[in-house]
Amino acid sequence: MADAAVEFLLENLKQLLVYNIKLIGAVKSEVEELYSDLKVFKAFLKDSTGKRQNHEVFKELVNQIRDVVYEAEDTVEAFVCQAAEHKARNYIEKAFHILDYPAELRKSVKTIENIRQRVKKIYENKLFGFDQNREGSTRGAKEKKAPIVEEHDVVGFQEEADYLIDLLNKGSEELEVTSIIGMPGLGKTTLARMIFRDSRIEYEFYNRAWVFVSQEYSRREVILNILSQFGKPTNEMSNKDDESLADELRKLLERGKYLIVLDDVWSEEVCNDLKVAFHANRSRSRILLTSRIENVALSANLNRGPYKLRFLTPDESWTLLQRKAVGSKKCDEELTKHGMIIAKECEGLPLAIVVIGGILLQKGRDSNSWERVSKSVHTYLTTDKEQRMNKFIELSFNHLPYHLKSCFLYFGMFPEDSQIPVWKLVRIWIAEGFIQYNEGMSLEDTAEEYLDDLVNMNLVMVGDWTSNGKVKTCHIHDMLHVFCKNQAKQESLFQEIKDLDQVSSSSSSIPSLEKCRRLCIHSNVLNYISSKPCGPRVRSFLCFSSEETILPREQISSIPDAFKLLRVLDSKPIRFQIFPKDLCQLVHLRYLVLTINSHVIPPNFSKLWNIQTLVIETESRNLNIQADIWEMIHLRHLKTNASTTLPPPRKKTQRNKEDLRTLSTISPKSCTEDVFARVPNLKKLGIRGRLAEVLDDKGGSSLFDSVGKLDCLENLKLWNDVYPQTPSEGKLLSFPQSYKFPPNLKKLTLEGTLLNWKHMSTLGMLESLEILKLKENAFKGDWWEPKDGGFGVLKVLHIGRTDLVTWKASSHHFPRLRSLYLEHCSKLQEVPSSFADVSSLQLMHLHCTTESAATSAKQIQLAKRTAQHSEMKLTIYPPDHDKSSGNNFLSSRSY
């Protein structure tokens, strides 16, 4: 979109002028003038947001701005690439290229001059007549609202859910298919999710999988998806044919009782295709299917008709609209009058109601605004309800603030109905330039606020939450996904590449990338790379293939050669056998996800000075970064799955990395005072390796002392990995005192430390600690009795595999505890009964504990229900009635 393109180019030019003036010295004045001209565009685009849909002159002007900005961006970034390449040449190479380099330089200067003239012309056109139509409205500061939990706002589905849950839990011992049908936007998926997450279903069907099928059905991907949710590693199966995969799934399912949800099925062939893989094991297994096509449901179960989802009643429609527009607040008489008109016009279609509710949320409690919306809703009425829904979505999109439009449309890049990790989403938004600098807030916090706004506007749905109550994963409705793709096509935002099984080397079969700026690859990535694509303007390459692809050595440079101006490269499903050296030529990269077999990142990697987020996955336990990351001035997040050794910073020549927020995971060898002194604003730190090197006190001090000086650190993970020695040989004998920990630490994760339970008193004294995760073998010993006065603000406690037998605790030891997770505590006799008196406790999850511990948890749940009239959610695996029958085939599962 033009708005985001101008924002990004302005920031890009500013960074070049501040940090890389030597590269653009020859064209500095032209770049400065271009920067000045583009600032006018920014103001115009912001002011014209509301007029573009109604005035063709503004729409055409915006398209011209987008084109000229893209052209300017291409010219400047291509010039920077050439300048960086020339700078890296040795004396002989520079002499050899003495003729072509000045020619390219002159060409760039000439192009920028031409663009500036076009900018001036558009600027003049903007002034002509624009002030006559200018709206003087200003946007006040809006109230920050917490994200909405969709399940808590469901209206009108409880009876339907109870009926279908009863249907699934009862019936014959044979495998049965139950179907929900209805038109798009009626709530089929919402109802299915309610059922899938209901405690009655969780209890009966511990083995559950959710698969989104969609119109673009792939039998192979559906089977791989189910296998991955049931713990089977898909990488090992990527080379198997479809029949072998179906056989693997059948063997897995025959071992126990299961529930599989097939969401959004379009074709009768789906159930026929999958019948061979769904084992009928006479254990009361069930398939729950949603579809908009009645014949699909009828073919899935000839003996039972589908459940036809009804429309909401007028009262239910008004109740839902109120919840989405004003939350728990009451509407006055005027708002109620306009609101009931709006609810009636939506004719009982839930998606239409929540989308319009998002518009009203932006308007606040202004009666005039509600009246205008009530009148405009009528203009979107058509005889076809599906077309009407599309019009409602368009109306909601047009009401979005300009800074949210690109962020929303970007959801179309991701696979339909996929659960998108928020950590990934917001960092890609930042790399794309969609996030504006906001004084007093980090880019990440601003991006999360944008996402919260989209959630509150009912355009984005929350999938899962983090332990501290933030959005962990999210997705959008399939109708919104289609809208995003269609709108993005008009805006030239991205191009989708899929169905490439038959791609050949002939140019006619390869989608043209001449004007494409973003690519999303959903399958057959190796086929696409083998077709030798060329995208001179492509800035983003995102690969979402469900299967890992090993890139042949002869194609190791194919991506950097084809897309020289990339700023976002997510190639996680592509495994590079060696480090791709040509990657270092992509000087505009800001976001990079790389999967490699190598255990070394070479020195040349530091040429990527624009990198903000770097994620590296390797099969090696250790990773050696030889590149000077301290020269990568924009680096904010470094994540690896290996124990990573960093280069030592050069004390005199390098400044602190004020922007670095994440270092995870680094080796004990890199936990030096010099390293931590360079990252004063670090928020997340992971350390993996022999932790004794960091924690052991030597002469009154330890390397951990430097960690304690990180005042901004909120999240710390300590993983004691002593391979190839046994874990017991690396047992920690000492632990730092509480005052040596970072003062604002909110989350702590320990693994493999084998500490004595007496050291828990130290953790209890951490005043800001809200989440404590004790992973496998974090503590050792059969007795734990917490000391008084500790864990005053702890909300989440997770205890993994341990030999703990007796846990003596009272309610005052954990006064604010909300969630308790116990996994593989195979010797624990009972959960402390006094936890029934912890009024804040809302969730308890037991996985593979003793039967006596499970019984005590049930007693706690009953006591809370009786004494406090509050419901605590309790999940236990394996369910006691299934222990003897062996109906559960998942031996372990992480939460």
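Being a predicted model, the structure only gives us computed values, none of them experimental. (Residues numbered from 1 in each chain as written. Predicted model: local features only at pLDDT ≥ 70, side-chain atom pairs only at ≥ 80, totals over all residues. Heavy atoms only, no water.)

Asks: What am I meant to see in the overall build of the protein here?
Replies: Looking only at helices and strands, one finds 29 helices and 31 strands in the protein. Going through the 895 residues of the protein one by one, you find that 54% of them count as buried. Considering only contacts in the protein between residues 6 or more positions apart, those separated by 24 or more positions represent 64%. For the protein, the accessible surface area stands at approximately 39600 Å², while carbon and sulfur atoms represent 48% of it. (Helix = DSSP H or I, 4+ residues; strand = E, 2+ residues; numbered from the N terminus. Buried < 20%, exposed > 50% of the residue type's maximum accessible area, 1.4 Å probe, protein only. Contact = heavy atoms within 4.5 Å. Areas by Shrake-Rupley, 256 points an atom, 1.4 Å probe, with all protein chains shown as cover.)

Asks: Which parts of the structure should I look at to understand the pairing of strand β2 (residues 208-212)?
Replies: Counting buried positions over the five residues of β2 gives five, a clear majority of the element. Burial along β2 is two-sided: R208, W210 and F212 and A209 and V211, pointing in opposite directions, are all buried. Where β2 and strand β3 (residues 259-263) come together, five bridges link them in parallel fashion. Bridge pairing in β3 places A209 opposite I260. (Pairing = 2+ DSSP bridges.)

Asks: What's the story with the packing of helix α19 (residues 402-409) against helix α21 (residues 443-456) in this structure? I'm lost.
Replies: How two helices sit against one another is set out by the angle between their axes and by the gap between those axes. Relative orientation of the contacting elements α19 and α21 amounts to 80°, with a least axis distance of 10 Å. By the angle between their directions, the pair α19 and α21 is classed as roughly perpendicular. Side by side, α19 and α21 meet where H403, L404, C407 and F408 of the first sit next to Y450, D453 and L454 of the second. (Axes fitted to C-alpha atoms, helices over the stretch in contact; angles between N-to-C directions. Parallel < 35°, antiparallel > 145°, perpendicular 65-115°, else oblique.)

Asks: I keep staring at the sheet that holds strand β6 (residues 420-421) and nothing clicks. Help me out?
Replies: Within a sheet, neighbouring strands are paired by backbone hydrogen bonds and run either parallel or antiparallel to one another. Spatially, the three strands line up as an open sheet ordered β6-β8-β7, and their pairing is antiparallel. Unpaired on one side and paired on the other, β6 and β7 (461-465) mark the two borders of the sheet. Both β7 and strand β8 (residues 471-475) contribute to a ladder of four bridges, which runs antiparallel. Residue W465 lies in a different strand from β8, and its bridge partner there is V471.

Asks: Any chance you could explain the packing of helix α20 (residues 422-432) against α21 here in plain terms?
Replies: The N-to-C vectors of α20 and α21 enclose an angle of 110°; their axes lie 9 Å apart at closest approach. Comparing the axis directions of α20 and α21 gives the class roughly perpendicular. The handedness of the crossing between α20 and α21 is right-handed. Between α20 and α21, the residues in contact are V422, L425, V426, R427, W429 and I430 and L443, E444, A447, E448, Y450, L451 and L454, respectively. (Left-handed = near helix turned anticlockwise from the far one by under 90°.)

Asks: Would you mind showing me how to read the nonpolar core here?
Replies: A general feature of soluble globular proteins is that nonpolar side chains tend to end up buried together. Judged by nonpolar contacts, the single largest core of 107 residues is most densely connected at F541, F605, L685, L763, W807 and F835. Examining the composition of this core, we find that four residues originate from one element, helix α29 (residues 851-867), more than from any other. The contact partners of L763, leaving out residues within four places of it in the chain, are F735, F741, L748, L750, L769, L772, F779 and F791. Of all hydrophobic cores here, the second largest spans 96 residues; its members include L309, V426, Y450 and L493. (Core = buried A, V, L, I, M, F, W, Y, C linked by side-chain atoms within 4.5 Å.)

Asks: Please clarify how the confidence of the model for the protein should be interpreted in this entry.
Replies: Predicted coordinates in regions of low pLDDT should not be interpreted in detail. Considering every residue of the protein, the mean pLDDT works out to 83; 84% of them sit at 70 or more. Confidence drops under a pLDDT of 50 for residues 127-149, and excluding neighbours within four residues, the segment shows 31 contacts in the predicted structure. Low confidence marks residues 502-509, where pLDDT is under 50. Its contacts with residues over four positions away, or in another chain, come to seven contacts. (pLDDT = per-residue confidence, 0-100.)

Asks: How should empty space enclosed by the protein be read in this particular structure?
Replies: Which parts of space are left empty comes out when a probe the size of a water molecule is rolled across the atoms. For the coordinates displayed, the defined rule picks out five cavities of 30 Å³ or more. Space inside the second largest cavity adds up to approximately 80 Å³. Together, 14 residues line the second largest cavity, and A4, A5, Y70, R518 and R567 are the ones closest to its centre. Within the residue set of the lining of the second largest cavity, elements represented by two or more residues are α1 (2-19) and α3 (56-88). For the lining of the second largest cavity, the residue count by class is seven nonpolar, one polar and six charged. (1 Å grid on protein atoms, 1.4 Å probe; cavity = no way out; pocket = protein on both sides within 12 Å on 5 of 7 lines; lining within 4 Å. Points joined across faces, edges and corners; volume = space filled by probe spheres on them. Nonpolar A, V, L, I, M, F, W, Y, C, P; charged D, E, K, R; others polar.)

Asks: Help me understand the sheet that holds strand β1 (residues 176-181), please; the structure alone is not making it clear to me.
Replies: Spatial ordering of the open sheet is given by β2-β3-β4-β1-β5, a layout of five strands whose pairing is parallel. Either end of the sheet is taken by a strand with one partner, and the two such strands are β2 and β5 (307-308). Across six bridges, the pairing between β1 and strand β4 (residues 286-291) is parallel. The residue of β4 that forms the bridge with V177 is I287.

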